Amino acid sequence: MSVTHHERRLDNGLTILAETDPDAHSAAVGFFVRTGARDEEPALMGVSHFLEHMMFKGTDDLPAEAINRGFDAMGARNNAYTTGEMTAFYAHVLPERTPDALALLGAMMRPALRQSDFDTEKGVILEEIAMYRDNPFWVLYEQCVEKRYGPHGLGHRVLGTETTVGEMDRDAMMAYFDNRYSADNTVVALAGRVDLDEAERVLNEVCGAWQPTSPARTTDRPATHAERLDLRDEKVTRGYALLLSDAPAIDDDDRHAAGVLAYLLGGSDNSRLHWALVDPGTAEEAQASYDGHINAGDYFVFASCDPDKIDDVLGVIDRETASLIEGVTERDLERLRNRVATGVTLSGERPEGRMHRLGRQWATGSPYRSLADELESITSVTHDDLRRVGQRYPIARGALVGTLRPA
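Please read all numbers here as calculations on a predicted model, not as lab measurements.

Draft legend 1. Here's a closer look at unusual backbone geometry. Phi angles above zero are rare outside glycine, and Ser214 is one such case at about 50°. Position of Ser214 relative to the elements: it lies in the loop between α8 (196-207) and β7 (228-233). With a relative accessible area of 62%, Ser214 lands in the exposed category. One non-glycine residue, Asn295, lies in the positive phi region at around 55°. One can find Asn295 in the loop between β9 (285-293) and β10 (296-305).

The structure is reproduced here in structure tokens:
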């Protein structure tokens with residue numbers, strides 16, 4: 001039997017999405033909340049990620065130790081993450097443990113948010129921010145994104161800053177939680193060998209009392225800024241270069257062509273940047289990628305090298321992006337399509353990957369598309385598609401360019 005897509009909704013507005021597969025040997029469940037860094041007020045930057053941590057600190061009736069033991073007892077592979085546009089909590093389990101995973105995830109989604117836990121976890125997050133400050137790439141990336149998007153929420157740091165997290169109080173977090181962690185702003189995604197009727201019964205029991213709040217989200221296409229940002233840091237010993245430029249949005253028909261273009265430029269050991277920068281020893285690392293957002297998108301080009309070679313590296317990137325589509329043969333295009341399709345298939349063939357794909361589609365407002373639909377779109381990318389997206393969104397022209405080198 002084939003994978004079958006289902007969509008249901010509880011009376012309070014909680015959405016249930018599933019791709020059921022009776023032949024699967026596992027099941028995956030996840031709660032996806034349509035909230036992330038782009039939804040935060042500037043003074044609350046980092047609150048979504050902070051709340052992700054607080055979910056594991058226990059509820060009024062369930063201590064943190066019981067949550068950890070519960071996932072361990074069912075043999076779950078569980079975790080959580082926060083992005084600019086969503087927060088997710090998930091577990092991958094054996095099919096018979098699906099009701100247990102749903103019940104535990106649903107329970108922890110209503111945390112106690114105790115002041116003592118808030119104070120303890122604030123210290124943990126401040127340490128995490130300090131750790132990332134020791135990562136040269138991350139320092140450059142965060143400052144470039146802030147410059148690129150300006151005051152728009154897509155320029156917010158997911159972790160927040162030492163100031164915003166340090167000055168955040170528990171009551172402000174609670175108000176944010178009450179508004180955005182609501183029934184109508186959450187989806188439960190399931191995939192694999194799942195009894196959907198039983199899953200709905202559990203969710204009604206655990207989440208049926210959640211209230212809808214109709215939270216707002218700004219989805220306008222943000223203005224972006226192209227400028228040069230040169231940073232110096234006495235702690236770094238290498239040179240780093242980063243380019244960010246406009247790309248198709250996550251639901252744009254050109255998103256797959258954009259992904260193929262980025263892969264051609266810097267997606268593997270056989271990319272243009274590898275042969276132009278890494279193979280001759282001009283750079284130690286060079287990569288490119290495409291990242292789609294709601295009504296926005298980014299091309300990302302990054303390289304690390306000897307500090308004295310940064311300008312040479314930027315020149316090579318300009319040259320390679322300018323001639324990117326020229327000379328691409330049908331054999332090249334077939335190879336690129338196959339590589340991208342393989343990556344999408346490997347990430348989506350297991351229940352866990354399917355569950356994440358369902359949750360991400362809903363959280364970003366994209367219509368449902370099966371894995372087969374995605375693969376067909378990828379394998380149908382043509383030279384004309386590459387030319388069109390290359391003209392609409394030139395990778396290096398109009399880019400924000402950031403560099404980081406020793407002080």
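Draft legend 2. Geometry of the pairing of strand β2 (residues 15-20). Across the six residues that make up β2, a large majority, six, are buried. Burial along β2 is two-sided: Thr15, Leu17 and Glu19 and Ile16, Ala18 and Thr20, pointing in opposite directions, are all buried. Note: strand β1 (residues 4-9) against β2, six bridges, orientation antiparallel. Opposite Arg8, over in β2, you have Ile16 as the bridge partner. Two successive antiparallel strands, β1 and β2, enclose a turn made up of five residues, where Gly13 displays a positive phi of approximately 100°. Pairing analysis gives six bridges linking β2 to strand β6 (residues 186-192), with the strands arranged parallel. Pairing of Ala18 across the sheet is with Leu190, part of β6.

Draft legend 3. View of the layout of surface pockets. Volume-wise, the second largest pocket comes out at about 300 Å³. Element by element, the count of residues in the lining of the second largest pocket is highest for helix α11 (residues 310-322), at three residues. Split by residue class, the lining of the second largest pocket holds eight nonpolar, four polar and three charged.

Draft legend 4. Highlighting the sheet that holds β2. Taken in spatial order, the six strands line up as β1-β2-β6-β3-β5-β4 in an open sheet, and their pairing is mixed. Whereas interior strands pair on both sides, the edge strands pair on one side only; in this sheet they are β1 and β4 (77-82). Here the strands of the sheet are splayed against their neighbours by 15° on average, with no regard to which way each runs. As paired strands, strand β3 (residues 27-33) and β6 are joined by seven bridges and run antiparallel to one another. The partner of Ala28 across the bridge, within β6, is Ala191. Its contacts with the sheet put helix α3 (residues 98-108) on β3, β5 (87-93) and β6, and the angle it makes with β3 is roughly 20°.

Draft legend 5. Structural context of the nonpolar core. With 50 residues, the main nonpolar core has Phe31, Phe71, Leu102 and Leu190 as its most contacted residues. The contacts of Phe71, once residues within four sequence positions are left out, are Ala76, Asn78, Ala91, Leu104, Leu105 and Met108. Residues Ala283, Leu324, Leu336 and Val389 belong to the second largest nonpolar core, which totals 41 residues.

Draft legend 6. The arrangement of the pattern of salt bridges in detail. Here the structure, examined in full by the defined rule, presents 34 salt bridges. Of the charged contacts, one joins Arg133 and Glu162 as a salt bridge, the two residues approaching to 2.6 Å between their closest N and O atoms. Taken together, the residues Arg133 in helix α4 (residues 115-133) and Glu162 in helix α6 (residues 162-167) connect sequence positions 29 residues apart. A relative accessible area of 43% places Glu162 in the partly exposed class. One salt-bridge network, in which partners are shared between bridges, spans Asp252, Asp254, Asp385, Arg388 and Arg392.

Draft legend 7. A look at helix α12 (residues 330-348). Taking 1.5 Å per residue, 19 residues should reach 27 Å; α12 reaches 27 Å between its end C-alpha atoms and fits that length. What α12 keeps buried is the set Leu333, Leu336, Arg337, Val340, Ala341 and Gly348. Along the axis of α12, the buried residues cluster in a sector spanning 125°; they form a single face. α12 presents Arg331 and Leu346 as exposed residues on the side facing more than 90 degrees away from its buried surface.

Draft legend 8. Looking closely at the state of the cysteines. In total, this model carries zero disulfides according to the counting rule given. Cys144 carries a free sulfur, and the closest cysteine sulfur to it, the one in Cys305, is 14 Å from it. Residue class for Cys144 comes out buried when judged on its relative accessible area of 0%.

What counts, and at which threshold
Residues numbered from 1 in each chain as written. Predicted model: local features only at pLDDT ≥ 70, side-chain atom pairs only at ≥ 80, totals over all residues. Heavy atoms only, no water. Helix = DSSP H or I, 4+ residues; strand = E, 2+ residues; numbered from the N terminus. Buried < 20%, exposed > 50% of the residue type's maximum accessible area, 1.4 Å probe, protein only. Pairing = 2+ DSSP bridges. 1 Å grid on protein atoms, 1.4 Å probe; cavity = no way out; pocket = protein on both sides within 12 Å on 5 of 7 lines; lining within 4 Å. Points joined across faces, edges and corners; volume = space filled by probe spheres on them. Nonpolar A, V, L, I, M, F, W, Y, C, P; charged D, E, K, R; others polar. Axes fitted to C-alpha atoms, helices over the stretch in contact; angles between N-to-C directions. Contact = heavy atoms within 4.5 Å. Core = buried A, V, L, I, M, F, W, Y, C linked by side-chain atoms within 4.5 Å. Salt bridge = Lys/Arg side-chain N within 4 Å of Asp/Glu carboxyl O. Expected span 1.5 Å × (residues − 1). Arc of directions from axis to C-beta. Disulfide = S-S within 2.5 Å.

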